[in-house]
Amino acid sequence: MRSSPLIGIATFLATKILISTLIVGLVILGLSLLIGRYFCGWICPLGTVIDLSDRLHQKFLRGKPNTIRPLRAWKYSILIVILIAALFSTQVIWFFDPIVIITRSMTAAVYPLIAFLLESGLKLLLSVGILQDQLFSLYDLFRQRILPINPIFFQQSMTFAVIFIGILLLGLLARRFWCRYLCPLGALFGSFATLRFTQGIAVASDKCIDCGKCQRICKMDAINADYRSHARSECIECMSCVAVCPTSAISYQLRPKFAPQRIDISRRRFVYSSASGLIALGLIKTGFKNPIATGQVVRPPGALPEPEFLNRCVRCQECVKICSTTGACLQPGLLESGWEGLWTPLVNARHGYCEYNCNLCGKVCPTGAIHPLELSQKQQLRMGTAYFDKSRCIPWYRGEDCLVCEEHCPLPDKAIKFDIREARRPDGTVAVVKFPYVDEKLCIGCGICVTKCPVPGPGGLFLTNAHQQRWGQEAEF
Amino acid sequence: MNRREFLRIAAASGAAVAGGISNGALFGSYDQLESHARLAVVQNGLPAAMVQKAIEALGGIGRFVKRGDVVVVKPNIGWDRVPEQAATTNPEVVAEIVRLCLHAGASKVKVFDRTCNEPRRCYHRSQIEQLARQAGAEVSHIYEQKFKTAAIPNGQQLKSWPFYADALEADVYINVPIAKHHSLSRLTLGLKNTMGIIGGNRGQIHNHFDQKIVDLNTVIRPQLTIIDAVRILVNNGPQGGNLNDVKETKTIIASIDPVAADAYAATLFGLRPTELSFLVEAQKRGLGSFDFNQMKIEKIDLKA
């Protein structure tokens, strides 16, 4: 993800800050001037998965037209919308970048699914009741190697799966549909590829027997009807045509040749795209954000200040996945922080809490939206503050001891303290009870008290982002 | 209630537990018990040496573990803390007990705990995973599938609760808690360590805690309780984290009576057993006794 030039460029445009990973991206992009859309054919993991699924689709495709060339322009439109939006500080790259899509799909849909199926299979076998000891040791082995220690859950894994499967199913219309017609990263590489100063695929006209095999095998529909020329912006350097040519008329050459081609986007479409980009970002920006929901948006420890966080976060769900096996507090958000915040990680403290000794989310974040913190820093950084709901907390409404929250509070000096007082219970009896309260000066908002509260439903405590401390800022008091 | 009566009640209630622990080794011969200490306290030695001495004083490991037995050694691995923070049982204590059990011919020694923090972190940071495994124990994480709902015939607040099958089915169950501060119950010791083998929503145990914890302990009856007081946590328990709250007491307390062991450990914190209401409740319900005048106690100082 650090290597996707599109993420680097869009983030740069959005934040107006030069980020180091941009350099890697630009090098990779620069190579396109030499070897075209090599990235799409040889590196892109989404492209690889699409190729695999296209193989399954081949049965259905036989004999049907395999090309919808006018759609080629769409990918440029998408690219323009992304860049225009980024220029106006609204980051939407996370929805479209193929590297992000594949990462998100794998972390938030495929991996949990595989884990679930493996686990269910084992449970089913265990319920049969024979070979239990052996099965449990197998289970143990799985847990040590591939399975998470606890089952993992993602809000919206269904959404991510539907998008992923949708992209793969587009292959029924045409092979590599996504890459040919939609992928903005492909569009970026494609535009650079038209400006390449090497030859690439070359056809010896005299040797060509017009058999058309090359055109049929081309995943990208890059080869023109004359079989002798191709669209440089489409060719992904896979060299299938070289391999399939019965007369060896096609060769791959890196000798210098600069012959820029027009890219498939009209001036009118360019203007339309830019305008729609502006309209979309305007609507996103002017959308109403529910103040109650935004007050409960607690970000991972080390998250940058909100506007910059939203620009940097590509919603890859890597932090959510790493968290799911430790504290399990991070979940992809819906509209809690508006459309801009869709799928960004936020704390669901009732489901899980931030492990006091864990700082992995910042370490896996590929874009620096979550700053990698030292453990000692992280343990002092305030994510938010917990508050008691006295109408639900057992000592407060029932006059009985509980103190599970205080027990779990990981701070060496306990951010949850308690008073010992006489209390009149609802039935009129009087008892000495320990009444817990939060010391706002100490609470770092890890949320373990909220997770562990034994009261069903909303619980006796809730977490807000009061006094939160974003990376590089002081806590808000 | 005298000791004889206690043993009779304890044996009867133990036998009442469906699929429960075999108490033969412990309650089979009353006379044999008399010749050994009921409670052993060893101080000022290395953890392993103190464990050896304490078990020796109770009559040796062979009294508890027979050839072929499946033994559960249940430490407190509840928190993601290092041993120096005194929130989890001393790993050397656990390892030594494992070694002794295997030496006595145990076919398998299982070590596990249902942790509060993320299990892998707790197992690793407490060092119990490494040292117990080196000593030959089978250290495994908790499986939801292994919780079986057991009836609590003598329960007052709880009539049934899910327990971990490995603990219910063990031939010998050795409870190895660490002694530390706890805001609700004042201290967490052996009886409360039973929380680590129960399923369900454990937070719900915390109101009417005294009765509920005793209810649970009528089902799980350790043959041997060994309390790690090498370091104790005197404040901000049960997780601690502040090294100023840790006191080095270099003590191992071992007893066949879970109440006596807990009660003696309380004295290290300057508390009288009667100040701990769960111990009062446990004695009243016949789980054991903290009448130190009525039992043979052996105190060993390894420094002397």
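Calculation notes
Residues numbered from 1 in each chain as written. Chains lettered and ligands numbered in written order. Predicted model: local features only at pLDDT ≥ 70, side-chain atom pairs only at ≥ 80, totals over all residues. Heavy atoms only, no water. Helix = DSSP H or I, 4+ residues; strand = E, 2+ residues; numbered from the N terminus. Buried < 20%, exposed > 50% of the residue type's maximum accessible area, 1.4 Å probe, protein only. Contact = heavy atoms within 4.5 Å. Areas by Shrake-Rupley, 256 points an atom, 1.4 Å probe, with all protein chains shown as cover. Salt bridge = Lys/Arg side-chain N within 4 Å of Asp/Glu carboxyl O. Axes fitted to C-alpha atoms, helices over the stretch in contact; angles between N-to-C directions. Parallel < 35°, antiparallel > 145°, perpendicular 65-115°, else oblique. Left-handed = near helix turned anticlockwise from the far one by under 90°. Nonpolar A, V, L, I, M, F, W, Y, C, P; charged D, E, K, R; others polar. Buried area = accessible area lost by both parts, 1.4 Å probe. Polar contact = N/O pair within 3.5 Å; in protein donor to acceptor, adjacent residues only side chain to side chain. Pairing = 2+ DSSP bridges. Expected span 1.5 Å × (residues − 1). 1 Å grid on protein atoms, 1.4 Å probe; cavity = no way out; pocket = protein on both sides within 12 Å on 5 of 7 lines; lining within 4 Å. Points joined across faces, edges and corners; volume = space filled by probe spheres on them. Phe/Tyr/Trp six-rings, centres within 6.5 Å; stacked < 30°, edge-to-face > 60°. Lys NZ or Arg CZ within 6 Å of the ring centre and 35° of its normal.

S.K.: Looking at this structure, I do not really get the overall build of chain A. What am I missing?
M.R.: Counting its regular elements, chain A contains 23 helices and 8 strands. Reported as C-alpha extents along the three principal axes, the dimensions of chain A are approximately 105 × 60 × 35 Å. The burial tally for chain A puts 52% of its 477 residues in the buried class. Intrachain contacts of chain A at a sequence separation of at least 6 include 76% that bridge at least 24 residues. In the form shown here, chain A has an accessible surface area of approximately 21,300 Å², with 65% of it arising from carbon and sulfur atoms.

S.K.: Please explain the environment of A249 of chain A as it appears in this structure.
M.R.: Residue and element names in this part refer to chain A. Inspection of the secondary structure puts A249 in the loop between α14 (240-244) and β2 (250-256). A249 sits 54 residues away from L195 along the chain, and the two C-alpha atoms are 24 Å apart. Discounting residues that sit within four places of it in the chain, A249 has contacts with A202, V203, A204, K207 and C208.

S.K.: Help me understand the pattern of salt bridges in this model?
M.R.: A side chain of one charge can pair with a side chain of the opposite charge when the charged atoms of the two come close. By the definition in use, this model includes 29 salt bridges over all chains. Residue K192 of chain B is joined to E407 of chain A by a salt bridge in which the shortest nitrogen-to-oxygen separation is 3.4 Å. Of the two residues, K192 of chain B sits in helix α9 (residues 190-193) while E407 of chain A sits in helix α22 (residues 404-408), which places them in two different chains. When sorted by exposure, K192 of chain B lands in the same class as E407 of chain A, which is buried. The partner of D80 of chain B in a salt bridge is R125 of chain B, and the shortest N-O contact between them spans 2.5 Å. Within this pair, whereas D80 of chain B is found in the loop between β2 (70-75) and α5 (91-103), its partner R125 of chain B is found in helix α6 (residues 119-125), the two being separated by 45 residues in sequence. A relative accessible area of 2% places D80 of chain B in the buried class.

S.K.: What exactly am I supposed to notice about the packing of helix α1 (residues 5-15) of chain A against helix α2 (residues 21-30) of chain A here?
M.R.: Pairs of packed helices are described in terms of their axes, by the angle between the two and the distance that separates them. Residues and elements named next belong to chain A. At a minimum axis distance of 8 Å, the contact between α1 and α2 shows a crossing angle of 130°. Overall, the two elements α1 and α2 adopt an arrangement that is oblique. The crossing of α1 and α2 is left-handed. For the pair α1 and α2, contact is made by P5, G8, I9 and F12 and by L22, G25, L26 and L29, respectively. Partitioning the contact of α1 with α2 into residue classes produces 6 nonpolar, 2 polar and no charged.

S.K.: Is there a simple way to think about the interface of chain A and chain B in this case?
M.R.: When the parts of a complex come together, some accessible area is lost, and that lost area is often used as the size of the interface. In this complex, chain A contributes 41 residues to the contact, which on the side of chain B involves 36 residues. Carbon and sulfur atoms supply 45% of the area that chain A and chain B bury against each other, a total of about 2,900 Å² over both sides. Counting the contacts that link chain A with chain B gives 1 salt bridge. Linking chain A with chain B are 21 residue pairs in polar contact (both at pLDDT 80 or more), by the criterion used here. A total of 6 residues in the side of chain A that touches chain B trace back to one element, the largest contributor, which is helix α9 (residues 132-145) of chain A.

S.K.: Mind showing me how you'd approach the pairing of strand β1 (residues 39-43) of chain B here?
M.R.: On a regular strand, each side chain points to the face opposite its neighbour's, so the side chains alternate between the two faces of the sheet. All names here are of chain B. Burial analysis of β1 places 4 of its 5 residues in the buried class, which makes it a mostly covered element. As paired strands, β1 and strand β12 (residues 297-301) are joined by 5 bridges and run parallel to one another. In the strand pairing of β12, A40 is matched with E298. With 5 bridges connecting them, β1 and strand β11 (residues 246-255) associate as antiparallel partners. Note on β11: the bridge partner recorded for L39 is S255.

S.K.: When you look at the packing of helix α4 (residues 47-57) of chain B against α5 of chain B in this model, what are you seeing that I'm missing?
M.R.: Residues and elements named next belong to chain B. One can describe the packing of α4 onto α5 by two numbers: an axis separation of 8 Å at closest approach and a directional angle of 45°. The angle between α4 and α5 places the two elements in the oblique class. Crossing handedness for the pair α4 and α5: right-handed. Between α4, through P47, A48, V51, Q52 and I55, and α5, the contact on the second element is made entirely by E92, V93, E96, I97 and L100. Considering only residue class, the contact of α4 with α5 consists of 7 nonpolar, 1 polar and 2 charged.

S.K.: I'm lost on helix α6 (residues 72-87) of chain A in this one. Help?
M.R.: Note that an α-helix has 3.6 residues per turn; residues three or four places apart therefore point the same way. All names here are of chain A. Taking 1.5 Å of rise per residue, 16 residues should cover 22 Å, and α6 covers 24 Å from first to last C-alpha, within 8% of that figure. Counted residue by residue, α6 has 12 buried out of 16 residues, so it is predominantly covered. Its buried side turned inward, α6 meets α1, α7 (93-96), α11 (177-182), α12 (184-194) and α15 (267-286). Of the residues trailing α6, S89 is marked for its positive phi of about 60°.

S.K.: Would you take a moment to explain empty space enclosed by the protein for this structure?
M.R.: Leftover empty space is mapped by rolling, across the atoms, a probe with the size of a water molecule. All names here are of chain A. Under the defined criterion, the tally for this structure stands at 15 cavities of 30 Å³ or more. Each pocket or cavity is described by its volume, and for the largest cavity that value is around 190 Å³. Counting residues per element, the ones that place at least two in the lining of the largest cavity are β1 (198-203), α13 (213-217) and α14. When its residues are assigned to classes, the lining of the largest cavity shows 15 nonpolar, 3 polar and 3 charged.

S.K.: Any chance you could explain the packing of aromatic side chains here in plain terms?
M.R.: Aromatic rings in a pair are described by how distant their centres are and how their planes are angled relative to each other. Applying the stated criterion across every chain, the model contains 17 aromatic pairs over all chains. Here the aromatic rings of F95 of chain A and F96 of chain A are separated by 5.0 Å at their centres, their planes lie at 65°, and the arrangement is edge-to-face. Look at F209 of chain B and F278 of chain B: their rings are 6.4 Å apart centre to centre, the planes differ by 80°, and that puts the pair in the edge-to-face class. With F209 of chain B in helix α10 (residues 209-217) and F278 of chain B in helix α12 (residues 277-284), the pair connects residues that are 69 residues apart, well separated along the chain. Residue class for F209 of chain B comes out buried when judged on its relative accessible area of 5%. A residue is classified by how much of its surface remains accessible, and F278 of chain B, at 2% relative accessible area, is buried. Cluster of aromatic residues (ring-pair linked, three or more members): W94, F95, F96, F160 and W343 of chain A. For the cation-ring pair, K146 of chain B lies above F136 of chain A, with the distance from its terminal atom to the ring centre recorded as 4.2 Å.

S.K.: Please explain unusual backbone geometry as it appears in this structure.
M.R.: Phi is mostly negative for residues that are not glycine, and the peptide bonds are mostly trans. That bond from G237 of chain B to P238 of chain B is cis: its omega, 0°, falls within 30 degrees of zero. Relative to the elements of secondary structure, P238 of chain B occurs in the loop between β10 (224-233) and β11. At K414 of chain A, a position not held by glycine, the phi torsion is positive, near 60°. Take K414 of chain A: it is sitting in the loop between α22 and β6 (416-424). A relative accessible area of 2% means that K414 of chain A is categorised as buried. Residue Q127 of chain B is not a glycine yet carries a positive backbone phi of 70°. By the secondary structure assignment, Q127 of chain B is in the loop between α6 and α7 (128-134). Assessed through its relative accessible area of 34%, Q127 of chain B is described here as partly exposed.

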